[in-house]
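# Observations on chain architecture
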Protein chains: 2
Amino acid sequence: MEKENNGSNGVAATRTVAADKYCATMRLQKHEHVEDEVVVSHNNNNNERTTFLSSNGNGVSTAFPGWYVDVAKAYPGQAQLYETEKILFHGKSKYQELFVFQSSTYGKIAILNGSLQLTERDEFAYQEMLTHLPLCSIPNPKKVLLIGGGDGGILREISRHSSVEQIDICEIDEMVVNVYKKYFPDIAVGYKDPRVNLQIGDGVAFMKSVPKGTYDAIIVDAFQSMGPQAEELSDICFLESVVRALRPGGVLSSPAESLWFKNFVIADTIAHCSKIFKGSVNYAWTTVPAYASGLIGFMLCSSEGPPVDFKHPINPLNPESYGVAKGPPKFYNSEIHTAAFCLPSFAKGLFAPNNQPL
Amino acid sequence: MEKENNGSNGVAATRTVAADKYCATMRLQKHEHVEDEVVVSHNNNNNERTTFLSSNGNGVSTAFPGWYVDVAKAYPGQAQLYETEKILFHGKSKYQELFVFQSSTYGKIAILNGSLQLTERDEFAYQEMLTHLPLCSIPNPKKVLLIGGGDGGILREISRHSSVEQIDICEIDEMVVNVYKKYFPDIAVGYKDPRVNLQIGDGVAFMKSVPKGTYDAIIVDAFQSMGPQAEELSDICFLESVVRALRPGGVLSSPAESLWFKNFVIADTIAHCSKIFKGSVNYAWTTVPAYASGLIGFMLCSSEGPPVDFKHPINPLNPESYGVAKGPPKFYNSEIHTAAFCLPSFAKGLFAPNNQPL
């Protein structure tokens, strides 16, 4: 498992792809500094059911035969279990480790470096919102860049936008692309769009090579979510390379921490991004049951130029323009776009952190 | 554990209180018809840590020492785990069984008849929305009835409304009231409001005894959530008694199923309620991490009379009027009130159930 930084600017270039996207781990975290070791084994005596065994450093052992345990680093003291039916794939590239298993009620589930990456049951909520929140907020997007997102789901969603002429994707790990094409054809269908140009390579290096002002929108579906644990994406050098690659008034979309994560202060993250993005900077969120706390956040930022009002989409989706997708959006619509920016009072910072019961 | 109906009208009168509110169970449900038996024991060898043991009818045993397993009946194939630190209370009344334990990161957690009722960390999201969605939608509410809700959290929220002159609560189980007063003082604080009249008794019988047109608002924080599994609350006789007890244009608020629950069709539930409520009938939802799928729904209905537009609150909370609460609302505000009614496309019924990946 690759865990080291290799970038001199503090950006973990090889860590990449959605590996830490949701800050989850296959390890059962009992205390902050004592994590369980996980053994994954096939239990051939049990009708091809999968057994995940875990025992922690304290000698307390926990066994969950037939269930996958998802523990998010940012959410100690809780875990989610998914009943497993069969492991479909287990492999390692030079960058990361990928599991795919059939669950009993969430369809196929992909685990990347121990983090739940997506489930077939609810992936569309994340993919649609991460894509259409930015693209429906600007007029006539033509050139779009995706960093990470090798599964193809974001490509599938970009494909719905008929104004788009060029869809570039930079994904570091070819294994991810190939495994999704084999096991998740309804997600990897995004690669069938003829506007897609796939580049296998490091997203951070790619960003530096982009001529200034190239893209209308950049979607970063990689690295960690924005928030206190996300050093790479929050890194000023990386964000500066994004701003540089955007046309004036171009937009960035990226996953962000859940508003329920106790160390996450939305106002601080907005302030951080506002140092780089001189347009507007906003936090949105939506429901995704498989992610810790049942939701995921998004950062929406625009560069200096024509103003972008992310809360009021001006470029609505044509519900009959599917692109390579097999039907209209299942989650996104203009009303839920605007609603995604409404925050609970505690998340607005009306409460000092010490007063929050989080 | 009381599980029988005793009402001739099909309403399970004694099942009551929020016991099945979130349709969860302490039993590990492996298949629809094979549920695990649960043993709850104190593990005295382990620093007062609690041990919940579970083994299912198939002979597959699962052990979660130090963790509480929450399995929602409506969500087979998944479960949530909470690290337990200490059992604080375990008791049975003639109606139900109540556990209270200290968790490591969610504060105290209450389990009623095997269903996770609330956690200190996120209870306010549910209590505030269930209360203020109805009360902020009508002008000048004066008389409010709460059925169930013995914990006191809804009372705490009603208390913020200075127009209210009378707060009646009918709770069947005095044990619930007493345990919450002892272990959850910041929730049971609602009982300190001098406008509160507590009646220990059966809510269904109480509803029948209410003179016609008595209340401006009725909040039902009991029985099952509205949805396909909720026979009691969906029961036409019960809903008719609610309508009868409301003034013209009065409002009902009740928990409803999560929009992610695959057997829940919002349009069907709205159609069902519309048979009884001749005003407006709406579904709303909000994030509550501890509930299955990370969210809970609400049904908001008004009786025939002055129209109620639930989506656009006309009676905003005074953020400085706390009532008996210790501070302003942590979750509710007018923006999130309106946003709560915005639905993902699949939940709007734009997809036929067979096309939904749920």
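An account of the accompanying structure is given in this report.

Each value, and the rule that gives it
- Residues numbered from 1 in each chain as written.
- Chains lettered and ligands numbered in written order.
- Predicted model: local features only at pLDDT ≥ 70, side-chain atom pairs only at ≥ 80, totals over all residues.
- Heavy atoms only, no water.
- Buried < 20%, exposed > 50% of the residue type's maximum accessible area, 1.4 Å probe, protein only.
- Helix = DSSP H or I, 4+ residues; strand = E, 2+ residues; numbered from the N terminus.
- Polar contact = N/O pair within 3.5 Å; in protein donor to acceptor, adjacent residues only side chain to side chain.
- Core = buried A, V, L, I, M, F, W, Y, C linked by side-chain atoms within 4.5 Å.
- Pairing = 2+ DSSP bridges.
- Axes fitted to C-alpha atoms, helices over the stretch in contact; angles between N-to-C directions.
- Phe/Tyr/Trp six-rings, centres within 6.5 Å; stacked < 30°, edge-to-face > 60°.
- Right-handed = clockwise from strand over helix to strand, strands pointing away.

This part is about helix α3 (residues 174-183) of chain B. All of the buried residues along α3 of chain B are Met-175, Val-176, Val-177, Val-179, Tyr-180 and Tyr-183 of chain B. Where α3 of chain B begins, the capping side chain belongs to Asp-173 of chain B, and its oxygen is found 3.0 Å from the backbone nitrogen of Met-175 of chain B.

Membership of the largest hydrophobic core comes to 198 residues, with the highest contact counts inside it found for Ile-218 and Leu-259 of chain A together with Ile-218 and Leu-259 of chain B. In terms of nonpolar packing, the next biggest core, distinct from the first, is built from 10 residues, Val-69 and Leu-81 of chain A together with Trp-67 and Val-69 of chain B among them.

Okay, the sheet that holds strand β12 (residues 143-148) of chain B next. Residues and elements named next belong to chain B. What the seven strands build is an open sheet, ordered β14-β13-β12-β15-β16-β18-β17; its pairing is mixed. One side of each edge strand has no neighbouring strand; the edge strands of this open sheet are β14 (196-200) and β17 (281-287). Across the sheet, the axes of successive neighbouring strands diverge by a mean angle of 15 degrees, strand direction being ignored. As paired strands, strand β15 (residues 215-221) and strand β16 (residues 246-256) are joined by four bridges and run parallel to one another.

In this structure the tally under the stated criterion is 29 aromatic pairs over all chains. Taking the centre distance of 6.0 Å and the plane angle of 80 degrees together, the rings of Tyr-126 of chain A and Tyr-291 of chain A count as edge-to-face. Taken together, the residues span a long stretch of sequence, with Tyr-126 of chain A in helix α1 (residues 123-135) and Tyr-291 of chain A in the loop between β17 (281-287) and β18 (295-302) at a distance of 165 residues. Ring geometry for Phe-346 of chain A and Phe-124 of chain B: centres 5.7 Å apart, planes at 85 degrees, overall edge-to-face. Taken as a pair, Phe-346 of chain A in the segment after α9 (334-339) and Phe-124 of chain B in helix α1 (residues 123-135) lie in two separate chains rather than in one.

Before going further, it helps to examine the pairing of strand β13 (residues 166-171) of chain A. All names here are of chain A. Burial analysis of β13 places five of its six residues in the buried class, the great majority of the element. Sheet topology places strand β12 (residues 143-148) next to β13; five bridges connect them, and they run parallel. Counterpart to Lys-143 in the pairing with β13 is Gln-166. The handedness of the β12 to β13 crossover, carried by helix α2 (residues 153-158), is right-handed. Taken together, the five bridges between β13 and strand β14 (residues 196-200) define a ladder with parallel strand orientation. Residue Cys-170 lies in a different strand from β14, and its bridge partner there is Gln-199.

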